[in-house]
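# A look at the structure
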Amino acid sequence: MVKRKGMSVLVCMLLVLTVFAAGCSKGGSGNADSPGGVTEPKPGTDTPAQEQTEITLGYYSDGKSDAKMKELITKFTDKHPNITVKTQSAPYGQFYQKLDTQIAAGKAPDVWLSDGALVMKYAERGTLKDVTEWIDKDLNKEDYYGLEFNKDAEGHYWGIPQGIQIGVLYYNKDLFDKAGVSYPEDSWTWEDLKLAAEKLTVDASGKTAVDASFDANNVSQFGLTFFSITEGWFSVLKSYGGGILDETNTKSIVDSPENKQAMNWIVDGMNRGIFTDPVDLKSFQSSMAVFPSGSAAMRIGIYARVQAANEAGLNYDVALLPTGPDGKRFAPVIANSWVISAKADEAKAKAAWEWMKFWATEDEVQKEWAALGEAVPVKKSVANSDVFLTSGANPANRQAFLDSFEFAGTLDTNAVWEEWVSKFNENAERAFLGDTPVEETLKKANEDIQKVLDGFYQ
């Protein structure tokens, strides 16, 4: 809300006329279709009129989530009649392509939904407003999951999570039962997973990977589908004690003994046909289709993968990701977040914050969004309730997502995250396909990634 200074008698008279005209016009409810202006105080109250503020809110969506988002925006404007919300939405790829253009032109939405992996990219490039003061003032940090994933090394917060994606191990119970393999347990190491995966990998003739005549070049069912940073190699590297960047996120630590051990574990599984490699994945409609199609017994997956598994009618569940050789466990997390443009003026920024606060603090908002099944709720009270834990659909062990917060971490996100991930993938693929040794791969990846980092930070 913007406080107004004292006005002359003439201005006061004009204001009265304006309020009267607004009260007679159609609309005036403060929803996305209503005109701007000054909202009329409620009859019988001494509440002063509030200056109308319009904000542009951008978000990526599909059809179902777009409809629900618009419902929630209407509820917000009903509660905040002095704020008008104009929306911009599109499917994920189109949304971010347009957003980058808008940012470059200085015309970004006042508030938008950022992929959690990109929050620090926007923050470190000066695109976002620091919301630390408002979070400290209006929120009890202990009530929420994921706030710390939007905090930089200096302790500044750059957004509020809209929904959280966190990695777990998905497994197909029917395939486990058919192979006579016990379901994953919390005590599993990555070696335990590989031993199970051997028995769950089947070639075209029906032989498993434990059979001497198994054909690794003609696999019909994989033990583990493996791809990408989020749902593939990053968790393994981190649980083995390795990683990509140091604590400052400006130095590469790729060429390490821990990463070499982890990469050897991965490459061995791919060479033996137990894990999908880049060539295997090309035979599917998409990398994400392998598990829902029943062509893999296990996968590393974020919460959003629940939707595809349920739509496919799989009999599946989830478990904690395995530990590394020293007992370390790591779950990748992406806190998709509401952020405010640094170019939003004071009135728009405050109105945008009201939207973010509404999203985070209102139980009903959290419950309605959780019902879509897209993400883990941000508010702990909702996430730990039956609304999330026992919603009726698989997986049964949704508690695994919440337990994983104990050892969760970001994907070493920074201003050049997309660029360094691309460099690592380019090099890692050569190792995954057996074109270059792991040791050479890590050395080259380390050099390439450091060049990317130096290009921005030095």
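Our structure is the block above this text.
Described in the following lines is the structure provided in the data block.

What counts, and where the lines are drawn
- Residues numbered from 1 in each chain as written.
- Predicted model: local features only at pLDDT ≥ 70, side-chain atom pairs only at ≥ 80, totals over all residues.
- Heavy atoms only, no water.
- Helix = DSSP H or I, 4+ residues; strand = E, 2+ residues; numbered from the N terminus.
- Phe/Tyr/Trp six-rings, centres within 6.5 Å; stacked < 30°, edge-to-face > 60°.
- Buried < 20%, exposed > 50% of the residue type's maximum accessible area, 1.4 Å probe, protein only.
- Lys NZ or Arg CZ within 6 Å of the ring centre and 35° of its normal.
- 1 Å grid on protein atoms, 1.4 Å probe; cavity = no way out; pocket = protein on both sides within 12 Å on 5 of 7 lines; lining within 4 Å.
- Points joined across faces, edges and corners; volume = space filled by probe spheres on them.
- Nonpolar A, V, L, I, M, F, W, Y, C, P; charged D, E, K, R; others polar.
- Pairing = 2+ DSSP bridges.
- Salt bridge = Lys/Arg side-chain N within 4 Å of Asp/Glu carboxyl O.
- Expected span 1.5 Å × (residues − 1).
- Arc of directions from axis to C-beta.
- Contact = heavy atoms within 4.5 Å.

So, about unusual backbone geometry. A positive phi angle is found at N249, which is not glycine, with a value near 60°. Checked against the element boundaries, N249 lands in the loop between α8 (229–239) and α9 (257–271).

So, on to the packing of aromatic side chains. For the structure on display, the rule yields 31 aromatic pairs. Pairing W112 with Y122 gives two aromatic rings, centres 5.5 Å apart and planes at 90°, and the pair type is edge-to-face. With W112 in strand β5 (residues 111–114) and Y122 in helix α4 (residues 119–124), the pair connects residues that are 10 residues apart, well separated along the chain. Assigned by exposure class, W112 and Y122 land together as buried. Ring-pair connections join several aromatic residues into one group, and the members of that group are F76, W338, W355, F358, W359 and W369. Just above the ring of Y145 sits the side chain of K380; from NZ or CZ to the centre is 5.5 Å. Here the guanidinium or amino end of R398 rests over the ring plane of F388, the centre of that ring lying 5.8 Å away.

So, on to the layout of surface pockets. Within this model, the largest pocket holds a volume of roughly 1000 Å³. Taken together, 36 residues make up the lining of the largest pocket; nearest its centre are Y92, Q165, I302, A304 and R305. Taken together, the elements giving at least two residues each to the lining of the largest pocket come down to α2 (63–79), β6 (160–166), α8, α11 (305–311) and β12 (331–340). Element by element, the count of residues in the lining of the largest pocket is highest for α11, at four residues. Of the residues contributing to the lining of the largest pocket, the split by class is 19 nonpolar, nine polar and eight charged.

Turning our attention to the pairing of strand β9 (residues 219–225). Remember that side chains alternate between the two faces of the sheet whenever the strand is regular. Taken across its seven residues, β9 has six buried, putting it largely inside the fold. Pairing analysis gives three bridges linking β9 to strand β10 (residues 296–301), with the strands arranged parallel. When the bridges of β10 are listed, L224 appears paired with M298.

One pass over the structure, following the stated rule, counts 21 salt bridges. Notably, a salt bridge pairs E368 with K68, separated by 2.9 Å at the nearest N-O pair. Of this pair, E368 sits in helix α13 (residues 363–370) while K68 is found in helix α2, placing the two residues 300 residues apart along the sequence. One salt bridge in this structure joins E231 and R305, with 2.9 Å as the shortest N-O distance. Separated by 74 residues along the polypeptide, E231 in helix α8 and R305 in helix α11 bring together distant segments of the chain. Residues participating in the shared-partner salt-bridge network are K68, E71, K75 and E368.

What follows covers the sheet that holds strand β7 (residues 168–172). Sheet architecture is open: five strands sit in the order β8-β9-β10-β7-β11, paired in mixed fashion. Each edge of the open sheet is held by one strand with a lone partner, namely β8 (202–203) and β11 (316–319). Note that β8 and β9 share two bridges and pair antiparallel. Across the sheet, D203 pairs through a bridge with V219, a residue of β9.

Let us now look at helix α3 (residues 92–104). The periodicity of an α-helix, 3.6 residues per turn, causes residues three or four places apart in sequence to face the same way. Its 13 residues give α3 an end-to-end C-alpha distance of 19 Å, which sits within 8% of 18 Å, the value for a rise of 1.5 Å per residue. Turning to α3, its buried residues number three or more, namely F95, Y96, L99 and Q102. Seen along its axis, α3 keeps its buried residues to an arc of 120°; they face one direction. Exposed and facing more than 90 degrees away from the buried side of α3 are Q94, Q97, T101 and A104. In this structure, the buried side of α3 is in contact with β3 (53–60), β4 (83–90), β5 and α4. Where α3 terminates, the next one or two residues include G106, which has phi positive at roughly 75°.

Everything listed here is a matter of coordinates, which is why it stays silent on function.
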